[in-house]
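Structural overview
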Amino acid sequence: MTYIVNDNCIKCKYTDCVEVCPVDCFYEGENMLVIHPDECIDCGVCEPECPVDAIKPDTEPDVEKWLEVNLEFAEKWPNITAQKEAPADADKFRDEDGKFDKYFSDKPGEGD
């Protein structure tokens with residue numbers, strides 16, 4: 001098992017999860033984070049830290065797409081190990097549906 005980040009993170013990009021990860025398996029895109037599934041140790045400490053419920057175990061239904069997205073972009077984006085400020089307009093996008101199709105960016109974030 002591993003954990004994945006889904007589209008609830010897009011345009012919100014809270015990094016509370018990054019701060020508690022014992023193996024630094026989060027990677028930063030321009031407008032979301034992903035978890036490297038081969039680095040995640042399945043401890044689950046990140047899941048309750050996410051204020052937008054964007055982190056899920058890969059055992060939940062319909063996460064196959066997100067497992068692929070997380071793996072692909074964890075290989076391309078820089079590692080992030082410290083908490084940062086969320087985007088100023090993050091709360092505006094908190095409960096929006098369909099964010100992947102509307103807003104996903106494959107551009108890397110800044111990382112550490």
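Everything below is about the structure printed above this text.
Turning our eyes to something else, we now look at the overall build of the chain. A count of helices and strands for the chain gives 4 helices and 4 strands. Reading the secondary structure of the chain in the N-to-C direction produces β-α-β-β-β-α-α-α. Rg of the C-alpha trace for the chain: 12 Å, near the compact-globule value of 13 Å for 112 residues, within the 12% margin. Considering only C-alpha atoms, the chain reaches an extent of 30 × 30 × 25 Å along its principal axes. A burial count over the chain gives 46% of its 112 residues as buried. A sequence separation of at least 24 residues applies to 77% of the contacts in the chain between residues at least 6 apart. Just so you have it, the chain exposes about 5,800 Å², and 45% of that area is on carbon and sulfur atoms.

Another aspect to go through is unusual backbone geometry. Phi at Lys 11 is positive, roughly 70°, even though this residue is not glycine. Note that Lys 11 resides in the loop between strand S1 (3-5) and helix H1 (16-20). Its relative accessible area of 24% is what places Lys 11 among the partly exposed residues. Phi at Asp 42 takes a positive value of approximately 60°, unusual for a residue other than glycine. Of note, Asp 42 is situated in the loop between strand S3 (33-35) and strand S4 (55-57). For Asp 42, a relative accessible area of 29% corresponds to the partly exposed category.

So, about helix H2 (residues 64-74). Burial in H2 covers these residues: Trp 66, Val 69, Asn 70, Phe 73 and Ala 74. Down the axis of H2, the buried set is contained in an arc of 115°. They therefore lie on one face. Exposed residues lying more than 90 degrees from the buried face of H2 are Glu 64 and Glu 68. In this fold, the buried residues of H2 make contact with S1, strand S2 (26-28), S3 and helix H4 (99-103).

With that settled, the discussion passes to the packing of aromatic side chains. The relation between two aromatic rings is expressed through the spacing of the ring centres and the mutual angle of the planes. Taken as a whole and judged by the stated rule, the model has 6 aromatic pairs. Relative to Trp 77, the ring of Phe 73 lies with its centre 4.9 Å away and its plane at 35°, an arrangement referred to as tilted. Among the residues examined, Phe 73 registers a relative accessible area of 7% and is labelled buried. Aromatic pair Trp 77 and Phe 104: ring centres 6.2 Å apart, planes at 35°, arrangement tilted.

Definitions and limits used
- Residues numbered from 1 in each chain as written.
- Predicted model: local features only at pLDDT ≥ 70, side-chain atom pairs only at ≥ 80, totals over all residues.
- Heavy atoms only, no water.
- Helix = DSSP H or I, 4+ residues; strand = E, 2+ residues; numbered from the N terminus.
- Rg over C-alpha atoms; globule rule 2.2 N^0.38 Å.
- Buried < 20%, exposed > 50% of the residue type's maximum accessible area, 1.4 Å probe, protein only.
- Contact = heavy atoms within 4.5 Å.
- Areas by Shrake-Rupley, 256 points an atom, 1.4 Å probe, with all protein chains shown as cover.
- Arc of directions from axis to C-beta.
- Phe/Tyr/Trp six-rings, centres within 6.5 Å; stacked < 30°, edge-to-face > 60°.

Geometry only, nothing functional implied.
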